[in-house]
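# Observations on chain architecture
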Amino acid sequence: MGLTAGIVGLPNVGKSTLFNAITKAGALAANYPFATIDPNVGVVEVPDERLDKLSELVKPKKTISTIFEFTDIAGIVKGASRGEGLGNKFLSHIREVDAIIQVVRAFDDDNVTHIDGVIDPVRDIETINLELIFADLEVVEKRIPKILKKATLKTDQESVEEYKILKLIHETLMDNKPIRILKFNENELAIIKNFNFLTQKTMLYVANIGETEITDYDNNSYVKEIKEFARNEHSEVVVISAKIEAELGELDDDERNMFLEDLGIKESGLDKLIKRSYSLLGLETYFTAGPQEVRAWTFKKGMKAPKCAGIIHTDFERGFIRAETIPYKDFINYGGELGAKEAGKSRSEGKEYIVQDGDVMHFRFNV
């Protein structure tokens with residue numbers, strides 16, 4: 001699908017350590033600002049127990065997970081929208097991602113410096129969010145004068161609509177609130193699409209805690225502050241220890257599972273983060289399952305069958321005839337494709353079918 005989430009944060013909050021853990025890509029992590037200057041891109045597999053169960057049942061020659069892309073963007077500082085630090089270079093990198101993951105420091109460590117000297121997660125969040133707001137304000141304030149005359153004289157209906165939306169956006173930003181709190185219809189979204197506003201992007205906060213708090217982070221006062229802030233703007237929070245996740249990234253699967261068990265954790269923080277990021281972008285998964293390959297495919301929620309077929313190959317969409325579809329639960333419960341068909345759980349769907357998360361599909365096409 002080509003969608004990606006960008007990881008942002010102030011310098012030294014654990015952002016690059018987290019990215020290293022996600023991708024095992026070895027992005028430079030150092031205890032000074034701007035250790036990461038160019039964005040690093042890493043591709044990760046999306047953990048999905050359903051894929052594992054399908055493989056156990058079908059026993060294919062190979063199993064392929066769906067993937068998700070993370071971009072590590074260098075640390076933002078106060079004044080970035082005015083060119084401070086590495087300035088607008090960071091902001092341009094953020095414009096290229098579809099969702100923003102903001103890492104927030106929620107741990108005390110005298111050996112890791114904080115750019116402001118004192119740990120204050122809400123201040124850190126507001127520092128970054130304000131820079132994104134200022135960047136969006138600049139875009140709006142440059143555009144409004146260009147359409148003001150047409151909108152006032154009502155000579156161009158498109159300009160009238162655009163002016164109305166931009167005025168609302170301007171008022172929201174001036175109130176130090178992100179654009180994502182506003183609700184737009186499809187026509188309005190189409191009008192503002194090309195502006196690629198930073199604060200319109202989905203935001204997920206990651207509270208980075210210390211190693212010793214991983215099983216008791218609900219008592220972490222920093223985490224409580226971050227969750228309260230996120231709740232007020234209808235955003236979500238994932239709590240992780242980037243240091244532990246980095247250690248987990250060095251282990252093989254068996255060692256990793258033992259480590260998690262010793263910690264008393266069922267699922268790693270990274271698995272939660274990957275799944276949550278995937279979901280926040282409105283992404284879902286369908287499967288193809290046969291003796292050669294069991295595979296997970298990413299699609300955008302609401303997509304119809306021909307478009308989903310086209311994810312595999314453009315010929316599948318161009319020559320689409322029908323999609324033989326079995327819901328995941330039925331595929332498992334009835335022992336595979338044959339059992340599901342015998343139980344009447346296999347359906348033949350046409351071009352208007354909206355694919356559902358977990359569908360096991362076989363596309364018929366002719367070109």
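This report concerns the structure included in the present document. Quick caveat: nothing in here was measured; it's all calculated off a predicted structure. (Residues numbered from 1 in each chain as written. Predicted model: local features only at pLDDT ≥ 70, side-chain atom pairs only at ≥ 80, totals over all residues. Heavy atoms only, no water.)

### Notes on the side chain of Q102
Structurally, Q102 can be placed in strand β5 (residues 99–105). The exposure class of Q102 is buried, given its relative accessible area of 1%. Those residues within four positions of Q102 in sequence are excluded, and the remaining contacts are V8, D124, I125, I128, N129, M203, L204, Y205 and V206. (Helix = DSSP H or I, 4+ residues; strand = E, 2+ residues; numbered from the N terminus. Buried < 20%, exposed > 50% of the residue type's maximum accessible area, 1.4 Å probe, protein only. Contact = heavy atoms within 4.5 Å.)

### Some remarks on the packing of aromatic side chains
This model, assessed by the stated rule, comprises 10 aromatic pairs. Between F68 and Y278, the ring centres sit 6.3 Å apart and the planes meet at 70°, which makes this aromatic pair edge-to-face. Placement of F68 in strand β4 (residues 67–72) and of Y278 in helix α10 (residues 269–280) is noted, with a sequence separation of 210 residues between them. The exposure classification of F68 matches that of Y278, with both residues buried. Seen in terms of ring centroids, Y286 and F299 are 5.9 Å apart; in terms of plane orientation they differ by 45°. Their pairing is tilted. (Phe/Tyr/Trp six-rings, centres within 6.5 Å; stacked < 30°, edge-to-face > 60°.)

### Re the nonpolar core
In terms of nonpolar packing, the biggest core is built from 56 residues, with L18, F68, F70 and L273 touching the most fellow members. Those residues in contact with F68, other than ones at most four positions away along the chain, are L3, A5, G42, V43, V44, V46, S277, Y278, L281 and L283. One finds V140, I165, L166 and I179 within the second-largest nonpolar core, a separate group that totals 15 residues. (Core = buried A, V, L, I, M, F, W, Y, C linked by side-chain atoms within 4.5 Å.)

### Structural notes on the sheet that holds strand β6 (residues 202–208)
Strands pair in a sheet through their backbones, by hydrogen bonds, and they do so in one of two ways: parallel or antiparallel. Taking strand neighbours across the sheet as the criterion, the 6 strands line up as β2-β4-β1-β5-β6-β7 in an open arrangement whose pairing is mixed. Each edge of the open sheet is held by one strand with a lone partner, namely β2 (40–45) and β7 (236–240). Direction aside, neighbouring strands of the sheet carry axes that sit 25° apart on average. Pairing between β6 and β7: 5 bridges, direction parallel. Of the residues in β7, the one forming a bridge with A207 is V239. In the packing of helix α4 (residues 121–153) onto the sheet, the strands contacted are β5 and β6, and the crossing angle to β5 comes to about 150°. (Pairing = 2+ DSSP bridges. Axes fitted to C-alpha atoms, helices over the stretch in contact; angles between N-to-C directions.)

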